[in-house]
Amino acid sequence: MEFLSTTVKGLEDIASKEIASLGGKVLKQEEGKVYFSGPEELIYVLNYASKTVFRTVILIGEGTVHSLEDIRKFVETLDISFSGEFEVRTKRKGTHSFTSMDVNAVVGEMLLKKCPNTKVNLTAPEIRVLCWLEDDKFVMGFDTTGESLHRRGYRVYQHPAPLNPVLAALLIRWSGWRGETLVDPFCGSGTVLIEAHHSYNRVPNKFRKFIFRNLPFYSKDEWTAIKNKYDSREKKVKLSLVGIEKFQKHIEGAQKNLHKAGVDAHLYKGLAEKMHLYVSHADYIITNPPFGLRIGSKKKIFRLYENFAEELENHFSGTQFVLITPYTKFEHYFDVLEKREIMYGDLPVKAYRFKI
Ligand SMILES: C[S@@+](CC[C@H](N)C(=O)[O-])C[C@H]1O[C@@H](n2cnc3c(N)ncnc32)[C@H](O)[C@@H]1O
């Protein structure tokens, strides 16, 4: 069976490694996508155990199209059969003389023709057919995930600018962290700390539901077996995880999220630029500081970055420091071990690995 998983653009190789470790044979990487093959059980494995992908899709087909008529022909030639109520959703990039809605309509119409026991349902579909049209490249698949996996199900406190948990998990893997002391000095609602604990202890995505139950491939026995297997792999190692945050409201929110996620960490209400007052040592710092785009001004943010860099230089020499930011500011202070241009939602940012 062939699959594709979506992930953060710029970190596809990190997601590929996780997919391979879960049993997928990686075929190719494209912007924000990893294609792989493997047994049917990967439907359950990827949804339940993966931390670095947003969703996993069973590939129906891919090809080159130049018009809606080409898309119609493409669907017509597919070897496909399913039943039930479905919807089609398309993500389109590039210049076309038609819209995503037009693609949805054409694909939907062809599927109704080819699979007679189906019906379109846009409010509560049992099955979601996902299409990507990027310039002339057309990809189509069955969604197995439903709501994106970045919705882990543990976030009971909603921070105004939370880090995407999939990106947090990718940064943690990219950093090379293997259970040493980890500090997030701008911890907000605690996402980095939670993802670190969950990654290390192999906590599956157990707070969630998935859409694969409605697919023609679904086997309850196979799903139960995979669920039991990954539940039994969960470890209960207590880690040295520390969060620092300026605002009491977020500290309390982080405590709620940590509790829901089953994670232990030390949280301090305080300032990142005075980090040594709370922690004497950090092997890894993984964080996303404020960008000054939504909260606060750029000038203030640069001053904060300066003070924070000084704190690191004075007290945390030798620490591995990983962060995302839209600015190059930290390059002036520390040696860059690695730098990636990544997409944080619609915002291009840089991911850095520094050694202090
Ligand atoms: C972008 S948010 C981090 C979000 C967090 N990763 C999460 O998932 O919830 C940055 C956080 O840094 C906090 N903050 C701002 N200035 C700070 C400072 N000087 N020291 C510590 N925390 C600070 C903000 O209150 C905010 O919660």
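What counts, and at which threshold
- For every chain, the first residue of the written sequence is number 1, and numbering continues from 1 onward in sequence order.
- Reporting in this predicted model follows two pLDDT cut-offs: at least 70 for local features of residues, and 80 or more for side-chain atom pairs to be given and counted; totals over whole chains, interfaces and linings ignore these cut-offs and use all residues.
- The side-chain figures draw on all heavy atoms in the structure; neither hydrogens nor water molecules are used.
- Partly exposed residues are those whose accessible area sits between 20% and 50% of the maximum for their type, while under 20% is buried and over 50% is exposed, using a 1.4 Å probe and protein chains only.
- Elements are defined by DSSP. Helices are runs of H or I of four residues or more, strands are runs of E of two residues or more, and each kind is numbered from the N terminus.
- Here, the arc refers to the directions that run from the helix axis to the C-beta atoms.
- Contacts between residues were defined by any pair of non-hydrogen atoms, one from each residue, lying within 4.5 Å.
- Centres within 6.5 Å are what make two rings of Phe, Tyr or Trp a pair, Trp counting through its six-membered ring; a difference in plane orientation under 30 degrees is then read as stacked, over 60 as edge-to-face, and the rest as tilted.
- Each ring is checked for a lysine NZ or an arginine CZ that lies within 6 Å of its centre and within 35 degrees of its normal; such an atom marks a charge sitting over the ring.
- Residue ranges assigned to each domain were obtained from an automatic or database domain assignment.
- For any pair of parts, buried area is found by adding up, for both, the accessible area (1.4 Å probe) each one loses once the two are put together.
- By convention in these notes, a salt bridge is any Lys or Arg side-chain nitrogen within 4 Å of a carboxyl oxygen on Asp or Glu.
- N or O atoms within 3.5 Å of each other form a polar contact, as long as, within protein, one can give a hydrogen and the other can take it, and as long as residues adjacent in sequence are counted only when both atoms are side-chain atoms.
- Amino acid classes used here: Ala, Val, Leu, Ile, Met, Phe, Trp, Tyr, Cys and Pro are nonpolar; Asp, Glu, Lys and Arg are charged; the rest, including Gly, are polar.
- The criterion for a disulfide is a pair of cysteine sulfur atoms lying within 2.5 Å.
- Here, any two strands with at least 2 DSSP bridges between them count as paired.
- To obtain an axis, a line is fitted to C-alpha atoms, over the contacting stretch when the element is a helix, and the angle between two such axes runs from 0 to 180 degrees between their N-to-C directions.

### Observations regarding helix α3 (residues 68–76)
Link 1 in the chain: Looking only at α3, the buried set comprises Ile 71, Phe 74 and Val 75. Viewed along the axis of α3, the buried residues span an arc of 95°, placing them on a single side of the element.
Link 2 in the chain: Packed against the buried residues of α3 are β4 (55–64), α4 (100–114) and β8 (137–143).

### Comments concerning the packing of aromatic side chains
Link 1 in the chain: Applying the stated criterion across every chain yields a total of 31 aromatic pairs.
Link 2 in the chain: Between Tyr 44 and Phe 212 the ring centres are 5.0 Å apart and the planes differ by 85°, which places this aromatic pair in the edge-to-face class. Here Tyr 44 is found in helix α2 (residues 42–49), whereas its partner Phe 212 is found in the loop between α6 (191–200) and α7 (220–232), with 168 residues between them in sequence.
Link 3 in the chain: The buried category is assigned to Tyr 44, whose relative accessible area is 1%.
Link 4 in the chain: Judged by relative accessible area, Phe 212 falls into the buried class, the value being 1%.
Link 5 in the chain: With a centroid separation of 6.3 Å and an interplanar angle of 70°, the aromatic rings of Tyr 44 and Tyr 218 are classed as edge-to-face. One end of the pair, Tyr 44, is in helix α2; the other, Tyr 218, is in the loop between α6 and α7, and 174 residues separate them in sequence.
Link 6 in the chain: By relative accessible area, Tyr 218 is classed as partly exposed at 23%.
Link 7 in the chain: Among the aromatic residues, those joined into a ring-pair cluster are Phe 186, Phe 302, Tyr 305, Phe 308, Phe 321, Tyr 327, Phe 330, Tyr 333, Phe 334, Tyr 352 and Phe 354.
Link 8 in the chain: A cation sits over an aromatic face here: Lys 28 above Tyr 35, 4.5 Å from the ring centre.

### A look at the domain arrangement of the protein chain
Link 1 in the chain: With domains assigned, the protein chain is organised as domain 1 (2–143) and domain 2 (165–201 + 236–355).
Link 2 in the chain: Taken together, both faces of the contact between domain 1 and domain 2 bury some 1,200 Å²; the carbon and sulfur share is 69%.
Link 3 in the chain: It is Leu 11, Ile 14 and Lys 51 that lose the most area in domain 1 upon contact with domain 2, and together they represent 48% of the buried surface on that side.
Link 4 in the chain: We note a salt bridge from Glu 18 to Arg 173, for which the minimum N-O separation is 3.3 Å.
Link 5 in the chain: At the surface where domain 1 touches domain 2, the tally comes to four residue pairs in polar contact (both at pLDDT 80 or more).
Link 6 in the chain: For the side of domain 1 that touches domain 2, the residue count by class is six nonpolar, three polar and four charged.

### Things to note about the environment of Tyr 230
Link 1 in the chain: In this fold, Tyr 230 is placed in helix α7.
Link 2 in the chain: Take Tyr 230: its relative accessible area is 7%, and that puts it in the buried class.
Link 3 in the chain: Separated by 182 residues in sequence, Tyr 230 and Tyr 48 have C-alpha atoms that sit 7.8 Å apart.
Link 4 in the chain: Discounting chain neighbours no more than four positions away, the residues touching Tyr 230 are Leu 22, Val 45, Tyr 48, Ala 49, Arg 202 and Pro 204.

### Remarks on the state of the cysteines
Link 1 in the chain: Summed over the entire model, instances satisfying the criterion amount to zero disulfides.
Link 2 in the chain: In this structure Cys 115 is a free cysteine whose sulfur lies 13 Å from that of Cys 131, the closest cysteine sulfur available.
Link 3 in the chain: Look at Cys 115 and you get buried, because its relative accessible area is 2%.
Link 4 in the chain: Classification of Cys 131 as buried rests on a relative accessible area of 2%.

### Section: the sheet that holds strand β11 (residues 266–269)
Link 1 in the chain: Strands sit in the order β11-β10-β9-β12-β13-β15-β14 across an open sheet of seven strands; the sheet is mixed. The open sheet has two edge strands with one neighbour each: β11 and β14 (335–344). The average undirected angle you get between the axes of adjacent strands in this sheet is 20°.
Link 2 in the chain: Here four bridges tie strand β10 (residues 241–245) to β11, and the two strands are oriented parallel to one another. Residue Gly 243 lies in a different strand from β11, and its bridge partner there is Leu 267.
Link 3 in the chain: Contacting β10 and β11, helix α8 (residues 248–261) crosses the sheet at an angle of about 170° to β11.

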